[in-house]
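A look at the structure
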Amino acid sequence: MFGHLVAPRRVVVTGMGIACPLGLGVENVWKRMLAGESGLAAIQNFDTSALPAKIAGQVPLGTRSEGKLDINEWIPVKDQKKMDRFIQLALVAATEAVEDSGWNPGEDQEEERCRTGVMIGSGIGGLPTIYEASTLIQQGKTRRISPFFIPSALINLASGHVSIKYGFKGPNHAVVTACATGVHALGDAARLIALNDADVMVAGGAEAAVAEIGMAGFCASRALSVGFNDNPTKGSRPWDRDRDGFVMGEGAGVLVLEELEHAKARGAKIYAEVIGYGMSGDAYHITAPTEDGDGAFRAMRAALKSASLQPSQIQYVNAHGTSTPMGDDLELQAVERLWGDEAKNLAMSSTKSAIGHLLGAAGAVEGIFSILAIRDSVAPPTLNLENPSRESPIDRVALEAQPRKIDTVLSNSFGFGGTNASIIFRKAG
Amino acid sequence: MSDTADKVKKIVVEHLGVEESKVTTEASFIDDLGADSLDTVELVMAFEEAFGVEIPDDAAEKITTVKDAIDYIEKQKSA
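Within any chain, residue numbers begin from 1 and follow the written order of that chain's sequence. Think of it this way: whatever chain is written first is A, whatever ligand is written first is 1, and the rest follow in order. Local features in this predicted model are restricted to residues whose pLDDT is 70 or higher, and side-chain atom pairs enter the listing and the counts only when it is 80 or higher, whereas totals over whole chains, interfaces and linings include all residues. Only hydrogens and water are set aside when side-chain values are computed; all heavy atoms of the structure are taken into account.

- Named according to an unreviewed UniProt entry, chain B is Acyl carrier protein originating from Falsiroseomonas stagni DSM 19981.
- Quoted straight from UniProt, the Subcellular location (unreviewed entry) entry for chain B says "Cytoplasm".
- UniProt positions are given in the numbering used here, feature names are shortened, and annotations may be inferred rather than shown by experiment. UniProt's Sequence similarities (unreviewed entry) comment on chain B is quoted here verbatim: "Belongs to the acyl carrier protein (ACP) family."

- The name given to chain A in an unreviewed UniProt entry is 3-oxoacyl-[acyl-carrier-protein] synthase 2, with Falsiroseomonas frigidaquae as the source organism.
- UniProt annotates chain A under Pathway (unreviewed entry) with the comment "Lipid metabolism; fatty acid biosynthesis."

This is how it looks when you write it as structure tokens:
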């Protein structure tokens, strides 16, 4: 089956785009994150009175030049009704990423288009769209369901719309692994390039479940923070003793991954190289991680092995760190176990402290933060880590960003169903 | 121009996002106004909603121009 393969090809990152609670635009978001700003706020756009959790991270409204979102600037009004918000956010981030990469082969470059694919996933997809359609059925208006309902809600339509917009005719795929989606999308897309299925992949994750139905569902599974409704920016506090659940966020992160020689040949700006990727399953519980954090441990170990690295060669870990009472400590334990005596030299932070948990988009936006940490030699902060619930030799970059020498970064994402993924980026060159 | 024609054209402009001037009576949704097959399904649904009429699928398939829509709706209303 794979007899045509000679050796895996090297994969680099040549474009990045983001829409998240800190705004639009990679540089804008990163600057705000390093300044310790928070994108979390009380939910205003729907009634939260029946919900125990009333805060979230939502993409701020405004113009593109302000680093905020006016969807009319991005998608024609008549097309907006054909796509759930998660697809709209994916298109926004993908547009920035493609523009940033400078890779946009025209109609006369058929072969190049056929060698460019898309893999943008989502954890949940068009949940609000499904809710609206079911409301029509409930009201006896089944015939009023839009012909755009199904394509609006389907998860792989984020990849579909991006491919249609740019004419990318290579592999068109979508990952669905709950909160591990983003990392799986980046890792799997990188493999498609490494194995010669494509030269360029537009990859990432998108999520827009900050709606009554999404909030109610996660409230019911007791996953969300409910104790900081009056102080939203304090709600996401990974590893802090007062943490009480995650804060839901929405957004999208998209990266342009490219085969190294392809990128060099066209003189592309190279941000970093994808050098390792590891996965594991817990085989344990639908929502809870194993009590010893072994799934996280094995995913990180597999990523290190695939990169032929020792733990000591990683300077920064972008943690999954969602701010749940159980998950944070288990991940910390797993990292301590894997790093051993080297843990004292490691920095690890959770950028979810500033933007909340973007579910299927989390791994993709955190991949972007990981790469920027390398570029700028700085570890982004873990906001609200005022009183760690547990001591650790690992520097968790509490409250303020830290300049550090960083050339190799590991980023973790773990999802419901017991799915774990880790990816490793290294400074280019 | 009849009220029906005005209302039909307004719905077409809104749903297909086209210039009002392009929505002539003779205009074809697909050939002239850039609609695809799903757009036309949605358009017919919008006509049903706006005029309180029911347009069965076999009739809907024959509504391909602005004029087809106006004629069908006026016939239904006078029936």
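1. Topic: the UniProt feature "domain: Ketosynthase family 3 (KS3)" (unreviewed entry) in chain A
- Per the UniProt record, the feature "domain: Ketosynthase family 3 (KS3)" (unreviewed entry) sits at residues 8–427 of chain A.
- Secondary structure elements follow DSSP: runs of H or I no shorter than four residues count as helices, runs of E no shorter than two count as strands, and numbering proceeds from the N terminus. The span residues 8–427 of chain A carries 33% helix and 19% strand; its end-to-end C-alpha distance comes to 19 Å.

2. Some remarks on the packing of aromatic side chains
- Any two rings among Phe, Tyr and Trp, with Trp reduced to its six-membered ring, count as a pair given centres within 6.5 Å; such a pair is stacked if its planes are under 30 degrees apart, edge-to-face if over 60, and tilted if neither. This model, assessed by the stated rule, comprises five aromatic pairs over all chains.
- With 5.5 Å between their ring centres and 70 degrees between their planes, Phe218 of chain A and Phe246 of chain A make a pair best called edge-to-face. Taken together, the positions of Phe218 of chain A in helix H9 (residues 212–220) and Phe246 of chain A in the loop between H9 and strand S8 (251–259) put the pair 28 residues apart, joining distant regions of the chain.
- A relative accessible area of 10% places Phe218 of chain A in the buried class.
- Ring centres 6.5 Å apart and planes at 40 degrees place the aromatic pair Phe29 of chain B and Phe47 of chain B in the tilted group. Here the residue Phe29 of chain B occupies a position in the loop between helix H1 (3–16) and helix H2 (37–51), and Phe47 of chain B occupies one in helix H2, the gap between them amounting to 18 residues. The residues Phe29 of chain B and Phe47 of chain B share a single accessibility class, namely buried.
- Three or more aromatic residues link up through ring pairs in this structure, and these residues are Phe218, Phe246 and Phe416 of chain A. Whether a residue is buried, partly exposed or exposed follows from its accessible area with a 1.4 Å probe, protein chains only, as a fraction of its type maximum: under 20%, in between, or over 50%, in that order.

3. What about the pairing of strand S14 (residues 408–415) of chain A?
Residue and element names in this part refer to chain A.
- Taken across its eight residues, S14 has eight buried, putting it largely inside the fold.
- Here S14 shows two buried faces, one formed by Thr408, Leu410, Asn412 and Phe414 and the other by Val409, Ser411, Ser413 and Gly415.
- At least two bridges found by DSSP between two strands is the condition for calling them paired. The hairpin turn running from S14 into strand S15 (residues 419–427), its antiparallel successor, is three residues long, and Gly417 in that turn takes a positive phi close to 95 degrees.

4. Looking at the packing of H1 of chain B against helix H4 (residues 66–78) of chain B
Residue and element names in this part refer to chain B.
- Working convention: axes come from line fits to C-alpha atoms, limited for helices to the stretch in contact. Angles between N-to-C directions cover 0 to 180 degrees. Where H1 contacts H4, the axes come no closer than 10 Å and their chain directions differ by 130 degrees. In terms of orientation, H1 and H4 fall into the oblique class. For H1 against H4, the interelement crossing comes out right-handed. Taken together, the residues of H4 that come into contact with H1 (itself represented by Thr4, Ala5, Val8 and Lys9) are Val66, Ala69, Ile70, Ile73, Glu74 and Lys77.
- Looking at the contact of H1 with H4, its residues break down into six nonpolar, one polar and three charged. For classification purposes, angles smaller than 35 degrees are called roughly parallel, those larger than 145 roughly antiparallel, those between 65 and 115 roughly perpendicular, and all remaining angles oblique. What makes a crossing left-handed is the near helix being turned counterclockwise from the far one by less than a right angle; a clockwise turn instead makes it right-handed. When checking whether two residues touch, look at their non-hydrogen atoms; a contact exists if any pair is within 4.5 Å. Throughout, the ten residues Ala, Val, Leu, Ile, Met, Phe, Trp, Tyr, Cys and Pro are labelled nonpolar, Asp, Glu, Lys and Arg are labelled charged, and all others, Gly among them, are labelled polar.

5. Comments concerning the pattern of salt bridges
- Salt bridges are identified by distance alone: a Lys or Arg side-chain nitrogen within 4 Å of an Asp or Glu carboxyl oxygen. In this structure the tally under the stated criterion is 33 salt bridges over all chains.
- The shortest N-O distance in the salt bridge between Asp79 of chain A and Lys78 of chain A comes to 3.4 Å.
- What makes Lys78 of chain A partly exposed here is its relative accessible area of 26%.
- Among the charged side chains, a salt-bridge network with shared partners connects Lys78, Asp79 and Lys82 of chain A together with Asp39 of chain B.

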